[in-house]
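# Structural overview for review
The residues making up each chain are set out below.
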Amino acid sequence: MNDEIGAAVRDVLARLTADRARGEPIVSIASADEAIALRALAVPKAGRPIAAVIDDAERVFAHRVRMDHPRFYGFIPSPASPLSLVGEMLASGYNAHAGSWMQSSGPAAIEQGLIAWLAERAGLPDSAGGLFVSGGSMANLTGLMLARDRMLPPGERHRGVAYVSTQTHSSVAKGLGVLGLLPGQIRKVAVDADRRLDVAALAGAVAADRAAGKLPFVVIASCGTTNTGSIDDLHAIADLAGRERLWLHVDGAYGASVALSGSHRALVNGLGRADSLSWDAHKWLFQTYGCGMVLVRDRMHLLESFATSAEYLQDAAAGDDTPNFWDYGVELTRPARAMKLWFTLQVMGARAVGEAIDHGFELAAALEEALRERPHWRIVSPAQLGIVTFRYAPPGRDANALDALNTAIARRMIDDNAGAPLTTRLDDAVVLRACTISPEATVGDIRAMVADLDARAVEMAGAGRQ
Ligand SMILES: Cc1ncc(COP(=O)(O)O)c(C=O)c1O
């Protein structure tokens, strides 16, 4: 690396470290004028000094949500460990082509070993395998492709039916669409009071479809729904899937990480019943984006769906224990994504990662408790897997007014840079939702956030009455 590049790397790293300061804006969205200026910046001109371009990059990235901020609780935050950044730098710097054993036998052996370890933690048998993918959407697509290929004869695909719940992540329906299913081939099964897939309703839907000449072939269970963190009854669904000869895909993009927790692992002990399982490392394993895993009960199934052969790939032949990961998934050329998770786990140790996951549970419990202490805050779904949903509901307002009030409270928190729980809809009402998985956030942060929320809610509700 020449001196100029070395200086640029040090400069960027110094800026990245400084940017983690808490005072930075949590949510920054480019205004219309700023977007015009940014688009103009996109167009290449004559070459420029590195330092000037780094300055411009800073201007660009200033407009983003700091998904790793200890007061950001929207969507699924990404409290990425700085260790993941170092692992990412290694993967990106060495730029190994992680498609074949020939091109990257070192990283491929790590990927194999790490996948085997994760599968064992999830409770899958020795036959299991899998690969790193870009995230939960791709993991779901990969698992569902196996379900389609193994359970539906090619000429019968139009008769296939897939079962999700009303709380299943949208990427599942998207993946089924990519695989050629029409919307009418996806059944949205009701959930129970705890927002878990209603297994009796599932059994009824499967029976009705069979009676109508359809071919039920896959059920998608959620381990950690995005809305409330609920975990479907994996054992009951697996039992039903066994009886009905359905493929069981578990979307654990968010919740499967609990398999590494010391204190809460029992919550997810049905994961090992899955035929295929999605698990994101860029959610609750503290990795930078573009890092998820798909695990399957029998790694041969991946080969049967994805094995690739072409004359120009013949020099990179795979062996029994020396896989070409391009035979396991959609991508041919792929980065060595496993390396950053490996790096993080090696430096922190698996136990510390498990403790960081447990911390998310503690914060959510603290949030629920702090809300219960104050008047008019209604808990819509209690702390589950680091997620709480809640609503400010002073008396004398109709449902629409409360929707507007809660939407405005979230907006105001962002405008004041006080914290960012965002909103979702549950039971047809707007609710506030916080996902509290940041290892840097403290119970003090959570209690301060609740005080900030309450102060604004009281003021805004009072103002609304005048
Ligand atoms: C439960 C669940 N499944 C799948 C996904 C999709 O994952 P990704 O955004 O990594 O593609 C998400 C994203 O939040 C999720 O929460």
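Refer to the structure printed above.
Here's a quick rundown of the structure. Here the structure is a predicted model, which is why all the values come from computation and not from measurement.

### Observations concerning unusual backbone geometry
Residues other than glycine seldom take positive phi values, yet Phe286 does so here, at roughly 65 degrees. Looking at the element boundaries, Phe286 is found in the loop between helix H10 (281–284) and strand S7 (292–296). Judged by relative accessible area, which is 3%, Phe286 ranks as buried. Unusually for a residue other than glycine, Asp427 sits at a positive phi of about 50 degrees. The residue Asp427 is located in the loop between strand S10 (422–426) and strand S11 (429–435) in this model. Accessibility expressed as a relative area gives 64% for Asp427, which makes it exposed.

### Here we look at the side chain of Ser104
Along the chain, Ser104 falls in the loop between helix H4 (82–94) and helix H5 (105–122). Assessed through its relative accessible area of 3%, Ser104 is described here as buried. Other than its neighbours up to four places away in sequence, Ser104 contacts Ala96, His97 and Ala98.

### Examining the sheet that holds S10
The sheet built from four strands is open, its strands ordered S8-S9-S11-S10 with antiparallel pairing. The sheet terminates laterally at strand S8 (377–384) and S10, the two strands that pair on one side only. On average, adjacent strands in this sheet sit at an angle of 30 degrees to one another, irrespective of strand direction. In this sheet, S11 lies alongside strand S9 (residues 387–392) in antiparallel orientation, the contact comprising four bridges. Paired with Phe390 across the two strands is Leu432, which belongs to S11. Lying on the sheet, helix H13 (residues 350–372) is in contact with S8, S9 and S11; it crosses S8 at an angle near 165 degrees. Contacting S9, S10 and S11, helix H14 (residues 399–415) crosses the sheet at an angle of about 120 degrees to S9.

About the criteria used
- Residues numbered from 1 in each chain as written.
- Predicted model: local features only at pLDDT ≥ 70, side-chain atom pairs only at ≥ 80, totals over all residues.
- Heavy atoms only, no water.
- Helix = DSSP H or I, 4+ residues; strand = E, 2+ residues; numbered from the N terminus.
- Buried < 20%, exposed > 50% of the residue type's maximum accessible area, 1.4 Å probe, protein only.
- Contact = heavy atoms within 4.5 Å.
- Pairing = 2+ DSSP bridges.
- Axes fitted to C-alpha atoms, helices over the stretch in contact; angles between N-to-C directions.

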